[in-house]
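Letter by letter, the chains look like this.
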Amino acid sequence: MSSMGGNPTASPPGSDSFLDDEFPKVAAMGPCTSPSWSDLPIDVLLSILQRLELPQALAFASVCTTWRSAATANGIPRSSTPLLMSWADLVEERKEAHGGRTSPVTCNFYHLLDVDKAYSVSFPQGCFVACCGASHGWLVLVNELSNLVLYNPFTTAMIPLPPITDFACVKAVYGSGGKLDHYLFERDRVHGTNSLGTWFYQKAVLSCCPSKGGDYVVMIIHRDSDWLSFVKAGQNKWQVASTLPVSGRDRYADCTYHDGRFFAVTFHGMVEKWDLDELNGPTREIVVAARRPGRILTRHLVSTAWGDLLHVGAIFAPEYPDGVKFQIRKVDSVGCKKVLQTDLMDHAMFLGLNHSACLPTKSFPGLQPHCIYFSAPWMTETFDWLCRVSHGWGGVRTYDLKSRKFERAFPFCDQKGLISPCEVWITPNL
């Protein structure tokens, strides 16, 4: 396993200064007085931690108070802290290999409040070609056959989802030996088995955590962001809920689960509510009608702890310091109402490829209230143009709703020349 690495300025594990400065309570305990696992010497615990990847380290921290204290001293984040997963290095490696590599070895996880620290996390062979979402601590990954799998990087649990060939626009072509050779998209466009999925899926969200034993549902935005499909736990086939007309030029921008229903929003601002439990199939209700898109870059739907559904739009605004502003509105039965930053009740938003989240900053010391933590999701063609005129806007940034300014959350994350996203926020769910 890859080592997570430690603080290069810290005293070495086992030294007196390390125990006094980083672990005063345990240092005062003295030698072990019983064979309990919690009484292992601190230098042994820290040595073990140095050899664990992040998922195992988080499990280590949940064993007992002493082990949790050791993990904290070693810089392991709290189990509920949002992390950023990046596969930008993998994208660059595949570019250099001309797409030949199909299975990543590791991805980097970054602690938002300790941006210089990276945790290496390994994935099973062949399960990670691309990522199209993170929800309830699970990743939605594209595997080497362009099929989706649910994967929990903190428990290593995996759930395969129905194949891409469920969709009428995709046909599998087999070679003479019966082995899958390639796919045909829309009858005549040839795609490799591991390349079609890298652009076919734009976003995926879950209704609840699969590991809780509930009847979860997975909803995806896919094809060219104009299809909305879903599958329920235990089912073996995708069901297409909606297809937007190509002539309308509108596309789905985001979807979320709120108050027992899925909601979706398009780039033109149409908000839909979906009931997937109807006997005659899914039913759609238009909550907010579409309108002229204007200078919209992307839209997100955010479910809050106090029961509101918020619509967040990123808008090109040259009069603002960074040329971009965010507009927040509350979605209700009569449309959308503008929301002030003070109405966010000291919460921070995490937007991007992930299932949008609104978290209380008091529970996460170091997070900025009334702030948007933004990692670039799939966007319209306008995004590519904006990147050029605003010196590479995108990647991973924070947006202060009061000062209306962007700052880089991770200086090393910048999507230069990348069309698809390569970072996602994920919160462990153990």
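To be clear, the structure that these remarks concern was listed above.
Computed from a predicted model, the values in this text were never measured in an experiment. (Residues numbered from 1 in each chain as written. Predicted model: local features only at pLDDT ≥ 70, side-chain atom pairs only at ≥ 80, totals over all residues. Heavy atoms only, no water.)

1. Considerations on the pattern of salt bridges
- Evaluation of the coordinates by the stated rule reveals 10 salt bridges.
- Here Asp 166 ties to Lys 237 by a salt bridge, and the two come within 3.5 Å at their closest N and O atoms. Here the residue Asp 166 occupies a position in the loop between β7 (158–160) and β8 (170–174), and Lys 237 occupies one in the loop between β13 (227–232) and β14 (239–243), the gap between them amounting to 71 residues.
- Residue Lys 273 is joined to Glu 285 by a salt bridge in which the shortest nitrogen-to-oxygen separation is 3.6 Å. Of the two residues, Lys 273 sits in strand β17 (residues 271–275) while Glu 285 sits in strand β18 (residues 283–288), which places them 12 residues apart along the sequence.
- Note on Lys 273: relative accessible area 28%, which makes it partly exposed.
- Under the relative-accessibility criterion, Glu 285 is labelled partly exposed at 44%.
- A cluster of three or more residues bridged by salt bridges with shared partners is formed by Glu 186, Arg 223 and Asp 226. (Salt bridge = Lys/Arg side-chain N within 4 Å of Asp/Glu carboxyl O. Helix = DSSP H or I, 4+ residues; strand = E, 2+ residues; numbered from the N terminus. Buried < 20%, exposed > 50% of the residue type's maximum accessible area, 1.4 Å probe, protein only.)

2. Concerning the packing of helix α3 (residues 42–49) against helix α5 (residues 65–73)
- α5 packs onto α3 with a crossing angle of 60 degrees between their chain directions and a minimal axis gap of 10 Å. Our classification of the angle between α3 and α5 gives oblique. Judged by the sense of rotation from one axis to the other, the crossing of α3 with α5 is right-handed. Where α3 approaches α5, its residues Ile 42, Leu 45, Leu 46 and Leu 49 are matched on the opposing element by Thr 66, Trp 67, Ala 70 and Ala 71.
- Class assignment for the residues of the contact of α3 with α5 results in seven nonpolar, one polar and no charged. (Axes fitted to C-alpha atoms, helices over the stretch in contact; angles between N-to-C directions. Parallel < 35°, antiparallel > 145°, perpendicular 65-115°, else oblique. Left-handed = near helix turned anticlockwise from the far one by under 90°. Contact = heavy atoms within 4.5 Å. Nonpolar A, V, L, I, M, F, W, Y, C, P; charged D, E, K, R; others polar.)

3. Focus: the side chain of Ser 135
- Positionally, Ser 135 belongs in strand β4 (residues 130–135).
- Apart from residues no more than four positions distant in its own chain, Ser 135 is found in contact with Val 205, Leu 206 and His 355.

4. A few points about the packing of aromatic side chains
- Going through the model one piece at a time under the given rule, you end up with 20 aromatic pairs.
- Ring centres 4.9 Å apart and planes at 65 degrees place the aromatic pair Tyr 257 and Phe 262 in the edge-to-face group.
- Grouping aromatic residues by their ring pairs yields a cluster made of Phe 167, Phe 185, Trp 199, Phe 200, Tyr 201, Trp 227 and Trp 238. (Phe/Tyr/Trp six-rings, centres within 6.5 Å; stacked < 30°, edge-to-face > 60°.)

5. Here's the deal with the sheet that holds strand β2 (residues 106–111)
- With antiparallel pairing, the four strands of this open sheet are ordered in space as β3-β2-β1-β28. Every other strand in the sheet has two partners, leaving β3 (114–122) and β28 (423–426) as the edge strands with one partner each. The sheet shows a mean angle of 30 degrees between the axes of neighbouring strands, direction not considered.
- Strand direction decides the pairing type here: β2 and β3, joined by six bridges, are antiparallel. In the strand pairing of β3, Thr 106 is matched with Ser 122.
- Packing against the sheet, helix α4 (residues 54–61) makes contact with β1 (83–86), β2 and β3, and its axis sits at approximately 100 degrees to β3. (Pairing = 2+ DSSP bridges.)

6. Brief notes about α4
- Within α4, six of the eight residues are buried, which leaves it mostly tucked inside the rest of the structure.
- If you follow the buried residues of α4, they end up packed against α3, α5, β1, β2 and β3.

7. Quick look at the sheet that holds strand β10 (residues 189–192)
- Ordered by their spatial adjacency, three strands build an open sheet running β8-β9-β10, and the pairing between neighbours is antiparallel. Pairing within the sheet leaves two strands with one partner each, and these edge strands are β8 and β10. The average undirected angle you get between the axes of adjacent strands in this sheet is 35 degrees.
- Sheet topology places strand β9 (residues 180–185) next to β10; four bridges connect them, and they run antiparallel. Pairing of Leu 184 across the sheet is with Val 190, part of β10.

Such coordinate-based values are descriptive only and should not be taken to indicate function.
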